Amino acid sequence: MFKKTTLAASIIMMSITTAQAEGPYRIGITQNNVGVDSYQTTYESAFEAAAEEAGNVDIVVLDAGGDVARQIGQMQDLIQQQVDAIIIWPTNGQAVIPAIRQAHQAGIPVVVTNSKIAEAGLEFIAAFSGPDNVQQGIASAEMMCDALGGEGQIVQIAGQPGYTTAMERATGFEVRLAEACPGVELLETQPGNWNRERAQRVMEDFLTKYDRIDGVYSGDDNMGVGALNAAKGADRADEIIFIGATNFAVGYDAIERGEYYGSIYQSPVDDAEAALQTALDVLAGEEVPKMNFFETPKITAENLSEFDRPVF
Amino acid sequence: MAFAEQSKSNLPAGKLSKASVMSFLSAQGILIFFLVGMFVFSFFSEQFLSQSNIMTVVRQASIIGIIAVGVTVVIIGGNLDLSVGSMLSFSTVLVVDLHDKVGPTTAILMMFALTLMLGAVNGILIGFLRLNSLIVTLAMLSAIQGFVLIYSGGQNVDIANQDGTWFAFFGRGYLGGIAVPILLFGLLAILVQVVMSYTGYGRRIFAVGGNPMAAVYSGIRKNWCVFSTYLISAFCVACAALVLGSRVMGSQNNVGQGYELLVLAGIILGGTSLLGGAGSIWKTVIGVLILGFIQNGLLLMGYPYYIQWIVTWVIIILAVWLDLANKRKRLLTTHS
């Protein structure tokens, strides 16, 4: 029902933007699934704020509600409306490619935001803007190696199976760990589906299965805090190093309390602003590289004070 | 299995004939399956039958179990409740969000009141307006998820001071060495089973589910009976939300997504008929535990947990088939 409200709201917004289409650029954005998690919700409001700030942009905000078919329909609507550029947060890296090609053929530049699309679609997009998830996995592996002093046995709780972000982080982590830290053994990986309760259950089972666990790498802090909960319940939190990604407020607090070693700071505000800026650069005719990654630094107790507490 | 089964074999009792052994096996098939399954799993993982693992699994299963107790009553009364997944999200988000705003006691009371209100809406629509329960609760499933998203604005909710609140008791506490979620699950299951087996109210629910027309002619106020089953179901969801919110100390706004199907799977696995008028809470408890042990056992053996979906499917089909085979006294159909 909420999705319908956003859709209705965006239709109203569309008519408003058409009515006062005086700004030089009209940019349409079709998002993955606003409202389902805090990151995407914050992204949307940050995107609207950034457009407001830029001044010369009118935006058409659409939300696919996680539905590929609806997103393809929204792409076609945006093409029909002849917007100047389209930003897409793909619901699926493969299935949206034909719609992106249509936009490309209609002469509308497409910027992909946050999650990559498959290799085959890259020739049709003007640019990608988002976090470098492979690099994040690499950074987490290095943090893990430092924290354990190069030795130990760890487990991994990955994100949703089949989701690009989850796979890229896991790959980056596993490859870098094997290469830089041969003394640390990855015992097992299980998916936690970006869900804290799910991750908590997986960790409880890991704790039963393995008498010694020195570290846990989680695909995001939401799951990482679930793992921390489980370890606390088993009185084993003190002997385990917790490292996550996408620093959540709960993870930030846990780092502050000294229960959680570190994470990767990824701000949805930076993500949204980078996407809009990339689209504006493309429209201004600048040379824009295909892959644009915004900064996602490591965050540990040492540099915690340099970062604001995440809003999600 | 101290309580009477609702469906009795019509074969003469007393003699230990081949037929009576067979009928015992198929009537108690799910329990036997459970024990055999535990035995097999224990070969593959030495920790599987350890006390701490069993406690872990039962504690993990208790959230689904608590909900399943309530939904079993609805199903015995001849209806369905698919709205429990969203209702769980609603109640968990509510109790966690209100915890820091108004304090744990008020938060819990408000959460119970609002969850019961949702149950009452289901109950009025299905009990008094006599709308189809499948459609009503399916619609409620998406409507309630919508409320949750509007209420939370899509943000996760968290309890800020996780170590300094007695709210932790419900999901993380222990009483006499047993985890509180397990105690809650056990207490609710025993209470509801006793009510269903030994009180006039329980018999009326069985009557309404088994033969609504006959129930009405015997002077049972069917509308009220159906209405009350949805209150019981909502009450159980509220208890589950208490455990879940306290266990996680936070909530995603879709945390209960898919729980309605897990709950149904546990109930069907236990052998409660979806047609109403038959079933028992004990069977549901065993069904839910089987699901929990499959998930845990596969993980201890190193398989990704979603293999359990496939395994669960196989087991449900087998359970339904054996149940039917038992009723018609042969494995395949009687008519071609």
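Residues numbered from 1 in each chain as written. Chains lettered and ligands numbered in written order. Predicted model: local features only at pLDDT ≥ 70, side-chain atom pairs only at ≥ 80, totals over all residues.

Caption draft 1: The arrangement of the overall build of chain B in detail. Within chain B one finds 14 helices and four strands. Computed over its C-alpha atoms, the radius of gyration of chain B comes to 21 Å, within 12% of the 20 Å expected for a compact globule of 336 residues. Across its three principal axes, chain B shows a C-alpha extent of roughly 65 × 55 × 40 Å. Of all 336 residues assigned to chain B, the portion counted as buried reaches 50%. In chain B, once contacts between residues fewer than 6 apart in sequence are set aside, the share between residues at least 24 apart is 77%. (Helix = DSSP H or I, 4+ residues; strand = E, 2+ residues; numbered from the N terminus. Rg over C-alpha atoms; globule rule 2.2 N^0.38 Å. Buried ≥ 20, exposed ≤ 12 C-beta atoms within 10 Å, placed from the backbone. Contact = placed C-beta atoms within 7 Å.)

Caption draft 2: Region of the structure containing the nonpolar core. In this structure, Ile66, Ile67, Leu88, Val237, Ala240 and Val263 of chain B are the most contacted members of the largest nonpolar core, which totals 98 residues. In terms of residue count, the dominant contributor to this core is helix H11 (residues 222–248) of chain B (16 residues). In terms of nonpolar packing, the next biggest core, distinct from the first, is built from 90 residues, Met144, Val216, Leu228 and Ala249 of chain A among them. (Core = buried A, V, L, I, M, F, W, Y, C linked by C-beta atoms within 7 Å.)

Caption draft 3: View of the domain arrangement of chain A. All names here are of chain A. Segmenting chain A into domains produces domain 1 (2–131 + 269–294) and domain 2 (133–265). The C-alpha-based centres of domain 1 and domain 2 are spaced at 32 Å. Tallying the contact residues gives five residues for domain 1 and five residues for domain 2. Its residues assigned to classes, the side of domain 1 that touches domain 2 shows two nonpolar, two polar and one charged. (Domains from an automatic or database assignment. Nonpolar A, V, L, I, M, F, W, Y, C, P; charged D, E, K, R; others polar.)

Caption draft 4: Layout of the sheet that holds strand S3 (residues 85–88) of chain A. All names here are of chain A. Taken in spatial order, the six strands line up as S2-S1-S3-S4-S5-S11 in an open sheet, and their pairing is parallel. Edge positions in the sheet fall to strand S2 (57–63) and strand S11 (291–293), since each of these pairs with one other strand and no more. The sheet shows a mean angle of 20° between the axes of neighbouring strands, direction not considered. The sheet contact formed by strand S1 (residues 25–31) and S3 spans four bridges and is parallel. Paired with Ile29 across the bridge in S3 is Ile87. (Pairing = 2+ DSSP bridges. Axes fitted to C-alpha atoms, helices over the stretch in contact; angles between N-to-C directions.)

Caption draft 5: Geometry of the pairing of strand S4 (residues 110–113) of chain A. All names here are of chain A. Neither face of S4 is open: one carries Val110 and Val112, the other Val111 and Thr113, and all of them are buried. Note: S3 against S4, three bridges, orientation parallel. Pairing of Ile86 across the sheet is with Val110, part of S4. Taken together, S3, helix H4 (residues 97–105) and S4 form a β-α-β motif whose crossover is right-handed. Strand direction decides the pairing type here: S4 and strand S5 (residues 127–130), joined by three bridges, are parallel. Bridge assignment links Thr113 to a residue of S5, and that residue is Ser129. (Right-handed = clockwise from strand over helix to strand, strands pointing away.)

Caption draft 6: Molecular detail of helix H5 (residues 104–128) of chain B. Taking 1.5 Å as the rise per residue, H5 of chain B with 25 residues should run 36 Å; its terminal C-alpha atoms sit 35 Å apart, in good agreement. Backbone geometry just after H5 of chain B places Arg130 of chain B at a positive phi near 55°. (Expected span 1.5 Å × (residues − 1).)

Caption draft 7: Quick look at the UniProt feature "transmembrane region" (unreviewed entry) in chain B. Summarizing the sequence annotation, UniProt attributes the feature "transmembrane region" (unreviewed entry) to residues 21–43, 63–96, 108–128, 134–153, 174–196, 227–249, 261–294 and 306–324 of chain B in the numbering used throughout. In the segment residues 261–294 of chain B, helix accounts for 71% and strand for 0%; the C-alpha atoms at its two ends are 16 Å apart. (UniProt positions renumbered as here; feature names shortened; annotations may be inferred.)

Caption draft 8: Geometry of the interface of chain B and chain A. With 29 residues of chain B in contact, the opposing surface of chain A contributes 26 residues. When contributions to the side of chain B that touches chain A are tallied by element, the ones reaching two or more residues are helix H3 (51–76), helix H6 (133–152), H11 and helix H13 (281–300) of chain B. Among the elements that make up the side of chain B that touches chain A, the one with the highest residue count is H6 of chain B (five residues). Its residues assigned to classes, the side of chain B that touches chain A comprises 11 nonpolar, 16 polar and two charged.

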